[in-house]
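Notes for the structure review
Okay, here's what each chain looks like letter by letter:
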Amino acid sequence: MCASELSERKKLILKAIIEAHIAGGEPVGSKYLTENIDIACSSATIRNEMAELESLGYLEQPHTSSGRIPTDKGYRFYVDSLSDTYATANAELEGMTELAKVKMNEIDKVLESASKLASSLTNYTGIAIKPRPSSAFISRFETMYLDENNFIIVMLTSIGNVKSKSIRSDIALTAEDTEHLTDCLNACFAGLSAEKITLPIVMKLEGMLGELSSLSQTVIKSIYDVMSEINGGSLRYSGIDHLLQYPEYSDVSQFKELLEVLERQDDILSIVSDNGKEDIKVYIGSESPVKVMNNSSLVFKPIKKDGKTIGAIGVIGPTRMDYAKVLSTISSISGNISSVLEGDTAKIVVNSNNLLGEGDHNGGE
C-alpha cells in the first residue's frame, strides 16, 4: 500500500501521532488519540489502525511502549501532504523589513541575516549556504588608482559578489596605466571560468600590457585567489545552541559528530550544490547521504537572482521538527529575499509584528 492509498482514517491517525510526537517527543498511544482527535471509532479500532501503519512502515514502536512514534517514511508522508498548508501560512510570516535594510549586493550578509532570522523563528539551527558554482567567473574588472606603487583590482563575480585585491607594483604607475590594465583584463578574462584561463590567454594579456607586463603574474594570482573563493562555496550557521534543548542531541558523541559535519562543510555543500531547483528540499533522517544526520532533518531552499542560484537558506533540527512552521518560514524568507533582489519591493509586507512579534515561535518542544 502506497501513501496515496492510505484511508482517510489512517491519514488522520498518522497526522495526529506525528503532531503529538513533534510537540511532546514521547510515544503516542491510542488513549491520547481517542481523547484528543475527533474520530468516530473505538479505541480498539484505533489500535488496529496504528498496528497497520506500523506494518506499512509509517510508525514504529520503541522498546515495549504501547505508543508509537513516526518513522522517516511517516514524516515524509506528512511533509509531502503539507504543501497547501504552508503555502497558506506564508501570509503569517511575510515582512522582511530587517533584511531589506541589508545591502543587496552583499549577498553574504543577506544570507547570514536570513539564517539568523530562520533560527530565531523556528528555534532550530539556521544555515546560510553559498553553493559551489559549476562555472563561476568574473564578469567585470575595475581598478582604483591609489598612488604610483599601489592600486586595487575590483572584481564583480557571476554570483553577485564584489571582490577586491590590493596590488603593490614594483614599477611606477599612472592612473592611465591602471585604466589600460582594466581594459586588458576585461578583454582577456571577463566571462571566463578558471578552467578556461589557459596559457595562450595569459600570453595574450602580457602582450596587451606591453611595458606593464611585469604586473601580470601578481594580477593573475589575485584573480585565481578570487576564483578559488567563489568556487569553494561556504556554510554558516546560527543558533547551534538551540539543538541542545532537544533530547535527540543529548548524546555528546553524536552531537559532536554533527558539529564536525557543520564545521567541515563539504557534505552539506555537496547536497545543496547538487539541488539547484527553486523548490524547498527536505532531507528527513536516513534520507540524508550524511550518515551522522540520521537523527536530524535538513530543510533548505535555493535563492535565485536572474535565474542563477546565488545561495540557499535553511534549518537543521531533529527529525520531529515542526515541519509546517519550518516550511512556511523558509518559503517566506526566501520569497522575500528574491523579491528584494529583483527589486520588486511591492511584494514585501512591511509588518515586522507578523514576523518577529507576539506568539510562540518555539519549534517542537
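Higher on the page you've got the structure.
The text that follows walks through the structure, step by step, so that each part is easy to find. Please read all numbers here as calculations on a predicted model, not as lab measurements. (Residues numbered from 1 in each chain as written. Predicted model: local features only at pLDDT ≥ 70, side-chain atom pairs only at ≥ 80, totals over all residues. Heavy atoms only, no water.)

The next thing to look at is unusual backbone geometry. Here N123, not a glycine, exhibits a phi torsion of approximately 70°, which is positive. Looking at the secondary structure, you find N123 in the loop between α7 (107–122) and β3 (125–130). A relative accessible area of 8% means that N123 is categorised as buried. (Helix = DSSP H or I, 4+ residues; strand = E, 2+ residues; numbered from the N terminus. Buried < 20%, exposed > 50% of the residue type's maximum accessible area, 1.4 Å probe, protein only.)

Looking at the element boundaries, G285 is found in the loop between β8 (281–284) and β9 (296–305). A relative accessible area of 0% places G285 in the buried class. Along the sequence, G285 and S296 sit eleven residues apart, while their C-alpha atoms lie 5.1 Å from each other. In this structure G285 touches D72, M293, N294, S296, S297 and T319, once residues within four positions along its chain are discounted. (Contact = heavy atoms within 4.5 Å.)

Below, the discussion takes up the sheet that holds strand β5 (residues 150–157). If you walk across this open sheet you meet the three strands as β4-β5-β6, and the pairing is antiparallel. Of all strands in the sheet, those with a lone pairing partner are β4 (138–147) and β6 (162–168), marking the two edges. Taken pair by pair, the neighbouring strands of this sheet meet at an average axis angle of 20°, ignoring direction. In this sheet, β6 lies alongside β5 in antiparallel orientation, the contact comprising seven bridges. Considered in β6, the bridge of F151 is made with I167. Sitting on the sheet, helix α8 (residues 175–188) touches β4 and β5, and the angle it makes with β4 is about 170°. (Pairing = 2+ DSSP bridges. Axes fitted to C-alpha atoms, helices over the stretch in contact; angles between N-to-C directions.)

To continue, consider the packing of helix α1 (residues 8–24) against helix α3 (residues 43–55). Remark: α1 packs on α3, axes separated minimally by 10 Å, with the N-to-C direction vectors making an angle of 80°. On the basis of the axis angle, α1 is roughly perpendicular to α3. Contacts between α1 and α3 involve R9, K10, I13, L14 and I17 from the former and T45, I46, E49, M50, E52 and L53 from the latter. Along the lines of polarity and charge, the residues of the contact of α1 with α3 split into six nonpolar, one polar and four charged. (Parallel < 35°, antiparallel > 145°, perpendicular 65-115°, else oblique. Nonpolar A, V, L, I, M, F, W, Y, C, P; charged D, E, K, R; others polar.)

Side-chain pairs of opposite charge can arise whenever the charged atoms involved come near each other. Enumeration according to the criterion identifies 13 salt bridges in this entry. With a shortest N-O distance of 3.0 Å, E19 and K15 are connected by a salt bridge. Here the residue E19 and the residue K15 both occupy positions in helix α1, the gap between them amounting to four residues, near one helical turn. Judged by its relative accessible area of 33%, E19 falls in the partly exposed class. With a relative accessible area of 42%, K15 lands in the partly exposed category. (Salt bridge = Lys/Arg side-chain N within 4 Å of Asp/Glu carboxyl O.)

What follows is about the packing of aromatic side chains. What characterises a pair of aromatic rings is the spacing of the ring centres plus the angle enclosed by the ring planes. Scanning all chains against the criterion turns up five aromatic pairs. Measuring from ring centre to ring centre gives 6.1 Å for Y58 and F77, while their planes differ by 75°; the resulting arrangement is edge-to-face. In this pair, Y58 sits in the loop between α3 and β1 (59–60) while F77 sits in helix α4 (residues 72–80), placing the two residues 19 residues apart along the sequence. According to the relative accessible area criterion, Y58 is buried, its value standing at 2%. F77 gets classed as buried once you look at its relative accessible area, which sits at 16%. Summarising the aromatic geometry, the rings of Y283 and F300 are spaced 6.5 Å apart at their centres and angled 15° between planes, so their arrangement reads as stacked. (Phe/Tyr/Trp six-rings, centres within 6.5 Å; stacked < 30°, edge-to-face > 60°.)

On to the sheet that holds strand β7 (residues 234–238), then. Strand order in the open sheet made by the five strands is β7-β3-β10-β9-β8, with antiparallel pairing throughout. Bordering the open sheet on either side are β7 and β8, each of which pairs with just one other strand. Neighbouring strand axes in the sheet, compared pairwise and without regard to direction, differ in orientation by 20° on average. Sheet topology places β3 next to strand β10 (residues 308–318); five bridges connect them, and they run antiparallel.

What follows deals with the nonpolar core. One finds L33, L298 and Y323 to be the most contacted residues of the largest nonpolar core, which totals 70 residues. Each residue touching Y323, except ones within four places of it in the same chain, is listed here: I22, Y75, Y78, V79, L82, V282, I284, S297 and P318. Counting residues in hydrophobic clusters, the runner-up holds 28 residues, among them F141, I167, C188 and I223. (Core = buried A, V, L, I, M, F, W, Y, C linked by side-chain atoms within 4.5 Å.)

Turning next to the environment of Y283. In this structure, Y283 sits in strand β8. Taking C-alpha positions, Y283 is 5.5 Å from S297, a pair spaced 14 residues apart along the chain.

Right, let's get into the pairing of β3. The buried count for β3 comes to six of six residues, which makes it a mostly enclosed element. Pairing geometry for β3 and β7, over five bridges, is antiparallel. Across the sheet, residue G126 finds its bridge partner in β7, namely S238.

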